[in-house]
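Per-entry structural report
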Amino acid sequence: MSVDRADVRAALLATVPEADADPSSVRLVRSPGRINLIGEHTDYNEGFVLPMAIDREIVIAFVPTDDRLVEITRLDTGAVARVELDGDHERSGTWGDYLAGMATVLVERGVPVRGLRGVIASSLPIAVGLSSSAAIEIAAAWALVGGESPPLPALELARAGQQVEHEFIGVNSGLMDQLAVTLGRRDTALLIDCRSLEHRPVPLPLDRHAIVAVDSGSPRRLGSSAYNQRRAECEAVVSAVAERFEGVHSLRDVNADMLDAVRDTIEATAVARAEHVIGENERVLGCVDALGRGDLPAVGGLLAASHASLRDRFEVSSPALDALVEIAGGVAGVVGARMTGAGFGGSIVAIVERDAIGALRDAIAKEYPARTGLQATVHVVEPVDGAGVVDDGA
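Please read these numbers as outputs of a predicted model, since none were measured by experiment.

**Comments concerning the sheet that holds strand 7 (residues 188–193)**
- Across the sheet, which stays open at both edges, the three strands sit in the order 2-7-8 with antiparallel pairing between neighbours. Unpaired on one side and paired on the other, strand 2 (48–49) and strand 8 (199–203) mark the two borders of the sheet.
- Inspection of the sheet shows strand 2 paired to strand 7 by two bridges, in the antiparallel sense. Each residue of the ladder has a partner; that of Phe48, found in strand 7, is Asp193.

**A look at the nonpolar core**
- Ranked by size, the top nonpolar core spans 68 residues in total, and within it Leu50, Leu106, Leu144 and Ile211 carry the most contacts.
- For this core, the element with the most residues is helix 4 (residues 132–144), which contributes ten residues.
- Setting aside anything within four residues of it in sequence, one finds Leu106 in contact with Val111, Val113, Ala141, Leu144, Val145 and Leu152.
- Residues Ala210, Val212, Ala274 and Ala337 belong to the second largest nonpolar core, which totals 50 residues.

**Topic: the side chain of Asp253**
- Topologically, Asp253 is positioned in the loop between helix 7 (225–242) and helix 8 (256–262).
- A polar atom in the side chain of Asp253 sits 2.7 Å from the backbone nitrogen of His249.
- The contacts of Asp253, once residues within four sequence positions are left out, are Arg195, Gly247, Val248 and Met258.

**Overview of the packing of aromatic side chains**
- Evaluation of the coordinates by the stated rule reveals one aromatic pair.
- A cation over an aromatic ring shows up here: Arg273 above the ring of Phe314, its NZ or CZ 5.9 Å from the ring centre.

**Points about the sheet that holds strand 12 (residues 377–381)**
- One open sheet holds the four strands; their spatial order is 10-11-9-12, and the pairing between them is antiparallel. Every other strand in the sheet has two partners, leaving strand 10 (334–340) and strand 12 as the edge strands with one partner each. Here the strands of the sheet are splayed against their neighbours by 25° on average, with no regard to which way each runs.
- Direction of pairing for strand 9 (residues 209–215) relative to strand 11 (residues 347–353): antiparallel, over a ladder of seven bridges. If you follow Val212 over to strand 11, its bridge partner there is Ala350.
- Helix-sheet contacts for helix 10 (residues 296–312) involve strand 9, strand 10 and strand 11, and the interaxial angle to strand 10 is about 25°.
- Helix 11 (residues 319–329) contacts strand 9, strand 10 and strand 11 of the sheet and is inclined by roughly 175° relative to strand 10.

**Considerations on helix 1 (residues 5–15)**
- Taken as a whole, helix 1 has its buried residues at Arg5, Val8, Ala11 and Leu12. The buried residues of helix 1 occupy one face: seen down the axis, they fall within an arc of 125°. Exposed residues lying more than 90 degrees from the buried face of helix 1 are Asp7 and Ala14.
- Against the buried residues of helix 1 lie helix 2 (17–21), strand 1 (27–36), strand 3 (51–64), strand 6 (116–122) and strand 13 (388–390).
- For helix 1, the side-chain oxygen to backbone nitrogen distance between the N-cap and Ala6 is 3.0 Å, and the N-cap itself is Asp4.

**Section: the pattern of salt bridges**
- The tally for this structure, following the rule as stated, stands at 28 salt bridges.
- Glu18 serves as the salt-bridge partner of Arg117, at 4.0 Å between the closest nitrogen and oxygen. Within this pair, whereas Arg117 is found in strand 6, its partner Glu18 is found in helix 2, the two being separated by 99 residues in sequence.
- We classify Glu18 as partly exposed; its relative accessible area is 35%.
- Across the pair Asp55 and Arg56 runs a salt bridge, and its minimum N-O distance is 3.2 Å.
- One connected set of salt bridges, linked through shared partners, spans Asp260, Arg263, Glu275 and Arg313.

Conventions adopted
- Residues numbered from 1 in each chain as written.
- Predicted model: local features only at pLDDT ≥ 70, side-chain atom pairs only at ≥ 80, totals over all residues.
- Heavy atoms only, no water.
- Pairing = 2+ DSSP bridges.
- Helix = DSSP H or I, 4+ residues; strand = E, 2+ residues; numbered from the N terminus.
- Core = buried A, V, L, I, M, F, W, Y, C linked by side-chain atoms within 4.5 Å.
- Buried < 20%, exposed > 50% of the residue type's maximum accessible area, 1.4 Å probe, protein only.
- Contact = heavy atoms within 4.5 Å.
- Polar contact = N/O pair within 3.5 Å; in protein donor to acceptor, adjacent residues only side chain to side chain.
- Phe/Tyr/Trp six-rings, centres within 6.5 Å; stacked < 30°, edge-to-face > 60°.
- Lys NZ or Arg CZ within 6 Å of the ring centre and 35° of its normal.
- Axes fitted to C-alpha atoms, helices over the stretch in contact; angles between N-to-C directions.
- Arc of directions from axis to C-beta.
- Salt bridge = Lys/Arg side-chain N within 4 Å of Asp/Glu carboxyl O.

Okay, here's the thing in structure tokens:
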């Protein structure tokens, strides 16, 4: 569901005097969210992931200015973020940190940035595991350079967004989200090798099937210490294995035999984290192979195994996410389902026969509130191209 461009443009003209004075100066940029089909907590372990950019998005409508002030108003709340481009940017704990962070990071990379007055709108749910943070980072980059393609290779633009996460948001994230938001292609997922950063499109069977995201109604709290703790546990395993085996730099280099060799020297919790990552990398590659063969039952089995591992070994699922996966699994026409995103709340992803979407909605509406006390929202999402300029008349 794209943002209504005409509404955003009209809001800009009503909000920003410069836009009303010169409507021809108005520019619009968009950045999609992403959903990860499979490959969770493998990105920062230099493994494999299979995300796709989706048709839920952030749009910034703006007019470039010749001063050094960035001022953007949120259309949903009226909140205004102001960033002095030549000032020091301390973390404020607000969404303005994404703007200030991206401005700082672009300047560090030698990219000229300029002032602007604008409005921002979103059809992308916040804090549900659909990468709203990467979307705003990359949209901000396009806006800060004046509405043209940022003069950075796609990989460097993604890394700029990752740096914002690390230094301005406080989340030690991998690179998957920014790559998917930047490099997404219509009708495909993106297989990414998070070590080499090689990537290729993987066609999806969307004639009779759809990708469905279900927001659990329990917001993901990724900024908490739990995410960084999981990463530290993975690194502890790598350190232990590297003492015994040469050439081990990440969990990508660790196999089951290596893990068994150090099992008694590290905490059982850390072993479980590593077991998940090793198995998840295999599941990603198996899923790509099964998609290529058109073997959707195999894909469904891999999604289920991924969720079980995230629940039991990585311990990032939740009762709400587990309930949604169980409910979806009981609906005829659902190929498979699992939690998606970093966990600790958020959403599940499912592959569903298009004719069965209504039955899935009905089952969730009937069973989920009774089991959890929460209301879930079902989103049918389509894979789209990555971030870019929007025709302001569209």
